[in-house]
Amino acid sequence: MWRDPGAPADSFYKVRPECTDVPKTRFKIKAGRTLSARKWHTAFTQEGYLDMGKTLSRIQRGGVHPSIRGEVWEFLLGCYDPKSTFEEREQIRQGRR
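Per an unreviewed UniProt entry, the protein chain carries the name Rab-GAP TBC domain-containing protein and comes from Punica granatum.

Draft legend 1. Looking closely at the UniProt feature "domain: Rab-GAP TBC" (unreviewed entry) in the protein chain. Under the UniProt annotation, "domain: Rab-GAP TBC" (unreviewed entry) lies at residues 63–97. Between the end C-alpha atoms of residues 63–97 the distance is 29 Å, and the span holds 54% helix and 0% strand.

Draft legend 2. The arrangement of the pattern of salt bridges in detail. Throughout the structure, instances matching the rule amount to three salt bridges. Between arginine 16 and glutamate 18 there is a salt bridge; the shortest N-O distance is 3.2 Å. The same class applies to arginine 16 and to glutamate 18, which are both exposed. Between arginine 96 and glutamate 74 there is a salt bridge, and its shortest N-O distance comes to 3.2 Å. In this pair, arginine 96 is assigned in helix 4 (residues 86–96) and glutamate 74 in helix 3 (residues 69–76), connecting sequence segments 22 residues apart.

Draft legend 3. Local environment of the packing of helix 2 (residues 52–62) against helix 3. Helix 3 packs onto helix 2 with a crossing angle of 120° between their chain directions and a minimal axis gap of 12 Å. Put simply, helix 2 runs oblique to helix 3. The way helix 2 lies across helix 3 gives a crossing that is left-handed. Two secondary-structure elements touch here, helix 2 through Met52, Leu56 and Ile59 and helix 3 through Val72, Phe75 and Leu76. By residue class, the composition of the contact of helix 2 with helix 3 is six nonpolar, no polar and no charged.

Calculation criteria
- Residues numbered from 1 in each chain as written.
- Predicted model: local features only at pLDDT ≥ 70, side-chain atom pairs only at ≥ 80, totals over all residues.
- Heavy atoms only, no water.
- UniProt positions renumbered as here; feature names shortened; annotations may be inferred.
- Helix = DSSP H or I, 4+ residues; strand = E, 2+ residues; numbered from the N terminus.
- Salt bridge = Lys/Arg side-chain N within 4 Å of Asp/Glu carboxyl O.
- Buried < 20%, exposed > 50% of the residue type's maximum accessible area, 1.4 Å probe, protein only.
- Axes fitted to C-alpha atoms, helices over the stretch in contact; angles between N-to-C directions.
- Parallel < 35°, antiparallel > 145°, perpendicular 65-115°, else oblique.
- Left-handed = near helix turned anticlockwise from the far one by under 90°.
- Contact = heavy atoms within 4.5 Å.
- Nonpolar A, V, L, I, M, F, W, Y, C, P; charged D, E, K, R; others polar.

Structure, rendered in structure tokens:
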């Protein structure tokens, strides 16, 4: 069975210009395995509640796509309750600033 080797993750993680001897990463972003932005946004209900069970199993199987990594980690670290709404999370964000 042929599998997609994945896209290199180098394009998502920028290296500072003064660092010249950084090796290329061996990590690949494999389609269908990582939690994509589309899957992440569909995990929320209309009110803004997150289905954490479905999301966690996807993260355990393939990780998180770099484009949504920061947003996902806020939930994984407990900054936001999965049962919070969009408005409640926005209030928490404003309070932190």
